[in-house]
Amino acid sequence: MKRTSGIESLADRARPGRRRAGARALFATLVLLAVTSVSVAAAHDGPGALSMIGPHGMTGPFEEPEPLGVTAVTSKTPQSARVGALFGADKADDLAGNHFCTASVVHSPHRDLVVTAAHCLSGDSDLVFVPGYRDGRAPYGVWKVKQRFLPDDWTAHQDEDSDMAFAVIAPQGGKGVEDAVGANRFLTGAATGEAAVTLTGYPDSREVPISCTNRPQAHSGTQQRIDCPEFTGGTSGSPWINGDQEVVGVLGGHEAGGSTADTSYSVVLGAAADRLYKDATAAL
């Protein structure tokens with residue numbers, strides 16, 4: 001998971017410092033409004049940025065986008081329920097304060113797959129996934145991790161360019177986790193920065209998810225980066241979701257996802273990720 005720990009209060013970050021009175025204060029306010037307007041306009045840039053896929057297809061506009069590069073508590077929506085927290089199985093009856101990584105449901109033929117960072121699945125202890133987790137509650141149930149799929153390069157020598165993985169989730173009552181909360185599509189081969197993406201994850205120090213929208217940049221040929229504040233320990237595995245509800249990145253990779261809270265990384269999802277996805281979806 002990310003090496004930093006703790007999270008600065010979002011209220012403290014938003015609290016303005018003392019400003020001089022009179023015309024200078026008015027000027028500063030006008031400048032702030034102008035910058036915010038530009039950021040909001042930029043957040044519309046991705047394809048389908050204001051649409052959501054539901055059980056009956058596109059449901060149309062659902063909320064105004066957040067300004068780029070601003071982190072806030074994630075709204076409760078059908079789409080956000082596809083993101084959840086990982087726990088040790090021994091904490092299944094004591095969830096509050098015990099999540100350690102983030103994962104999200106991606107579409108698969110068996111409707112049973114989540115994607116996360118490889119370093120979140122590297123141990124051999126039993127795990128559970130809780131989609132839509134908030135404040136110690138599991139509104140969509142507690143789901144057991146049945147099987148893990150990690151890249152060979154990660155298993156052999158923890159190659160940071162292979163820091164993403166899949167987990168097959170055991171069904172409940174004959175239904176898969178995708179039947180409970182839906183799923184985003186897993187997309188490989190997308191150009192870095194082609195569109196703005198939204199990160200959603202669970203910092204260790206919070207009991208609710210946070211989200212931030214921004215445009216990724218290339219860090220190297222195999223890694224991409226994004227500037228979003230407050231993504232501390234526990235947010236490893238957070239999906240990077242574009243406006244078409246496709247996962248185009250997973251928080252992890254370089255420096256296990258980033259050595260500071262304000263810049264995060266993901267491996268570039270290419271041919272190796274596609275092969276791993278096909279292996280995971282073929283599992284019985």
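Everything in this summary refers to the structure shown in the same document. Keep in mind the model is a prediction, meaning the values are calculated, not measured. (Residues numbered from 1 in each chain as written. Predicted model: local features only at pLDDT ≥ 70, side-chain atom pairs only at ≥ 80, totals over all residues. Heavy atoms only, no water.)

**Some thoughts on the environment of Leu269**
Within the secondary structure, Leu269 is located in the loop between β17 (263-267) and α5 (271-281). When the C-alpha atoms of Leu269 and Gly189 are compared, they prove to be 6.2 Å apart, with 80 residues separating the residues in sequence. Setting aside residues no more than four positions away along its own chain, Leu269 makes contact with Met164, Phe186, Leu187, Thr188, Gly189, Val247, Val248 and Gly249. (Helix = DSSP H or I, 4+ residues; strand = E, 2+ residues; numbered from the N terminus. Contact = heavy atoms within 4.5 Å.)

**With respect to the packing of aromatic side chains**
Taken as a whole and judged by the stated rule, the model has 5 aromatic pairs. Judged by centre distance (6.0 Å) and plane angle (50 degrees), the rings of Tyr133 and Tyr202 are tilted. Of this pair, Tyr133 sits in the loop between β7 (127-131) and β8 (143-149) while Tyr202 sits in the loop between β11 (197-201) and β12 (210-214), and the two are 69 residues apart along the sequence. (Phe/Tyr/Trp six-rings, centres within 6.5 Å; stacked < 30°, edge-to-face > 60°.)

**Description of the sheet that holds strand β4 (residues 83-88)**
Read around the closed barrel, the 6 strands follow the order β4-β5-β6-β9-β8-β7; overall the barrel is antiparallel. Taken over all neighbouring pairs, the strand axes of this sheet differ in orientation by 45 degrees on average, direction set aside. Along the sheet, α5 contacts β6 (113-116), β8 and β9 (165-169); its crossing angle with β9, the most-contacted strand, is approximately 15 degrees. (Pairing = 2+ DSSP bridges. Axes fitted to C-alpha atoms, helices over the stretch in contact; angles between N-to-C directions.)

**Some words on the pairing of β6**
Residues Leu113 and Val115 point to one face of β6 and Val114 and Thr116 to the other, with burial holding for every one of them. Bridge count for strand β5 (residues 101-106) against β6 is 3 bridges, and the pairing is antiparallel. The residue bridging Ser104 from the neighbouring strand is Val115, located in β6. Here 4 bridges tie β6 to β9, and the two strands are oriented antiparallel to one another. In the sheet register, Val115 faces β9, and the bridge partner there is Phe166. (Buried < 20%, exposed > 50% of the residue type's maximum accessible area, 1.4 Å probe, protein only.)

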